[in-house]
Amino acid sequence: MTTQLTEKRAGTGPRPAPRGGARAPRAPRRHSAWTPWLYLLPALVVIGGLLVYPVYQLGLISFLEYTQAQVSGGEPTTFKGFGNYTALFGDPQFWQVLLATVVFAAACVVTTLAVGCALAVLLTRVRALPRLVLMMAALGAWATPAVTGSTVWVFLFDPDFGPVNKLLGLGDFSWTYGRYSAFALVLMEVVWCSFPFVMVTVYAGIRAIPSEVLEAASLDGASQWRIWRAVMAPMLRPILVVVTIQSIIWDFKVFTQIYVMTNGGGIAGQNLVLNVYAYQKAFASSQYSLGSAIGVVMLLILLAVTLVYLRLLRRQGEEL
């Protein structure tokens, strides 16, 4: 009897059955650690078919002797190991093209981020109608195919019929004749078709910042540049990481703009970048294995840059 009284007081005794035949609520089920992967499985299968298998074939061909003779069946395919990479790294032109690609991509990324972030801030300062016009114009540039945009830019800067030379009084100056002027022309076209992504993404991030924070900084006497550097940029850092990595990937593997605007790489290959260089080796020279080796090197460089950048941010305590 004493034990039953003690159990009732402590609340540990058997609970009475619920009235009306209602069932007691069940404890929530614990999901397995594999449950998220089951939801992601269909997308992973599609990505595997569209990405993993082509990358595997690219790496496989880079270790083979695979030229037009092997494609046509005139000669058997042989395994060369790292022979293609040895020939590639021993070619002085490869290092020249690699240096030009890195410098050109870095200039494109910095300029794209500067223009996109500046216009994103501008969107927050103008009224609705000018904002709508700017957004529509930017999205028009973003939606324009690379071939079409490159052709239009070549016409605009044409030495004979282009309006830009007439407006600037440059006469018959050819932008695509010199190495640096041709790279500058391509850079402007790449920035023109790339900044809308940065602008829209950063603008969305700015709109998510509480207005009280910006108002407090403005009341404290901070200039617009100081507000951007000390308030907006730290809060937008995860977004800036995304647009920076995307810009690095896009600008490092530029092909269409260089190929169209410089007619395949410029005079004597002075405007070659790695993607165009790989195309020339693989299809113009029918050295498919050497072109695949260049593609593998580009993939490894982009992976290394992305991982290093993310690791530096992790060290700073940023969660992405």
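Quick note: structure is the one above.
This is a predicted model, so every value here is computed, not measured. (Residues numbered from 1 in each chain as written. Predicted model: local features only at pLDDT ≥ 70, side-chain atom pairs only at ≥ 80, totals over all residues. Heavy atoms only, no water.)

Participant: Requested: an account of the packing of aromatic side chains, with residues and values cited.
Facilitator: Per the stated rule, a full pass over the model turns up 23 aromatic pairs. Centre to centre, the rings of Trp 142 and Trp 250 are 5.8 Å apart; their planes meet at 50°, and the pair counts as tilted. Placement of Trp 142 in helix H6 (residues 128–143) and of Trp 250 in helix H12 (residues 237–252) is noted, with a sequence separation of 108 residues between them. The exposure class assigned to Trp 250 is partly exposed, which follows from its relative accessible area of 29%. Ring pairing ties together the aromatic residues Phe 63, Phe 79, Phe 82, Tyr 85, Phe 89, Phe 94 and Trp 95, which thus form one cluster. Over the aromatic face of Tyr 180 sits the side chain of Arg 179, whose NZ or CZ is 5.9 Å from the ring centroid. (Phe/Tyr/Trp six-rings, centres within 6.5 Å; stacked < 30°, edge-to-face > 60°. Helix = DSSP H or I, 4+ residues; strand = E, 2+ residues; numbered from the N terminus. Buried < 20%, exposed > 50% of the residue type's maximum accessible area, 1.4 Å probe, protein only. Lys NZ or Arg CZ within 6 Å of the ring centre and 35° of its normal.)

Participant: Can you break down the environment of Ile 245 residue by residue, with the values?
Facilitator: Inspection of the secondary structure assignment puts Ile 245 in helix H12. For the pair Ile 245 and Leu 307, spaced 62 residues apart in sequence, the C-alpha separation works out to 10.0 Å. Ile 245 has contacts with Thr 306, Tyr 309 and Leu 310, leaving out every residue within four places of it along the chain. (Contact = heavy atoms within 4.5 Å.)

Participant: A description of H12 should follow, citing residues and the corresponding values.
Facilitator: With 16 residues, H12 should reach 22 Å at 1.5 Å per residue; the first-to-last C-alpha distance of 22 Å fits that figure. The set of residues buried in H12 consists of Leu 240, Val 241, Val 243, Thr 244, Ile 245, Ser 247, Asp 251 and Phe 252. (Expected span 1.5 Å × (residues − 1).)

Participant: Describe the layout of surface pockets, naming the residues involved and giving the relevant values.
Facilitator: In this structure, the largest pocket encloses a volume near 940 Å³. Lining the largest pocket are 34 residues, and of these Ile 249, Lys 253, Asn 275, Met 298 and Leu 302 sit closest to its centre. Of all elements in the fold, only helix H2 (35–61), H6, helix H9 (179–208), H12, helix H14 (274–284) and helix H15 (288–315) reach the threshold of two or more residues within the lining of the largest pocket. Ranked by the residues each element gives to the lining of the largest pocket, the list is headed by H15, at eight residues. Looking at side-chain class alone, the lining of the largest pocket contains 24 nonpolar, seven polar and three charged residues. (1 Å grid on protein atoms, 1.4 Å probe; cavity = no way out; pocket = protein on both sides within 12 Å on 5 of 7 lines; lining within 4 Å. Points joined across faces, edges and corners; volume = space filled by probe spheres on them. Nonpolar A, V, L, I, M, F, W, Y, C, P; charged D, E, K, R; others polar.)

Participant: Lay out a nonpolar patch on the surface in plain terms, naming residues and giving numbers.
Facilitator: A grouping of Val 46, Ile 47, Leu 50, Leu 51, Val 52, Val 55, Leu 299, Leu 300 and Leu 303 is seen on the molecular surface, where their side chains present a nonpolar patch of about 820 Å² in accessible area. Listing elements by their share of the nonpolar patch, those giving two or more residues are H2 and H15. Considering each element in turn, the nonpolar patch owes the most residues, six residues, to H2. As for its placement among the helices and strands, Ile 47 is situated in helix H2. (Patch = residues over 30% accessible without salt bridge, like charges linked within 9 Å, V, L, I, M, F, W, Y side chains within 5 Å. Areas by Shrake-Rupley, 256 points an atom, 1.4 Å probe, with all protein chains shown as cover. Salt bridge = Lys/Arg side-chain N within 4 Å of Asp/Glu carboxyl O.)

Participant: Lay out the nonpolar core in plain terms, naming residues and giving numbers.
Facilitator: In terms of nonpolar packing, the biggest core is built from 36 residues, with Leu 88, Phe 94, Phe 104, Ile 258, Leu 274 and Tyr 277 touching the most fellow members. Contributions of two or more residues to this core are made by helix H4 (83–89), helix H5 (92–123), H9, helix H13 (256–261), H14 and H15. Once you skip the residues sitting within four places of it in the chain, Leu 88 turns out to touch Phe 94, Tyr 277, Leu 290, Ala 293, Ile 294 and Val 297. (Core = buried A, V, L, I, M, F, W, Y, C linked by side-chain atoms within 4.5 Å.)

Participant: Run through the packing of helix H7 (residues 146–156) against H9, naming residues and quoting values.
Facilitator: Closest axis-to-axis distance for the H7/H9 pair is 10 Å, and the angle between their directions is 135°. Classified by the interaxial angle, the pair formed by H7 and H9 is oblique. Crossing hand, H7 versus H9: right-handed. Contact with H7, carried on its side by Ala 146, Gly 149, Ser 150 and Trp 153, involves Leu 185, Met 188, Glu 189 and Trp 192 of H9 and no other residues of that element. Split by residue class, the contact of H7 with H9 holds five nonpolar, two polar and one charged. (Axes fitted to C-alpha atoms, helices over the stretch in contact; angles between N-to-C directions. Parallel < 35°, antiparallel > 145°, perpendicular 65-115°, else oblique. Left-handed = near helix turned anticlockwise from the far one by under 90°.)

Participant: Mind laying out the state of the cysteines, listing which residues take part and the relevant values?
Facilitator: Per the stated rule, a full pass over the model turns up zero disulfides. With no disulfide of its own, Cys 108 has Cys 193 as its nearest cysteine by sulfur position, at a separation of 9.1 Å. Residue Cys 108 is classed as buried on the basis of its relative accessible area of 0%. Since its relative accessible area comes to 14%, Cys 193 is described here as buried. (Disulfide = S-S within 2.5 Å.)

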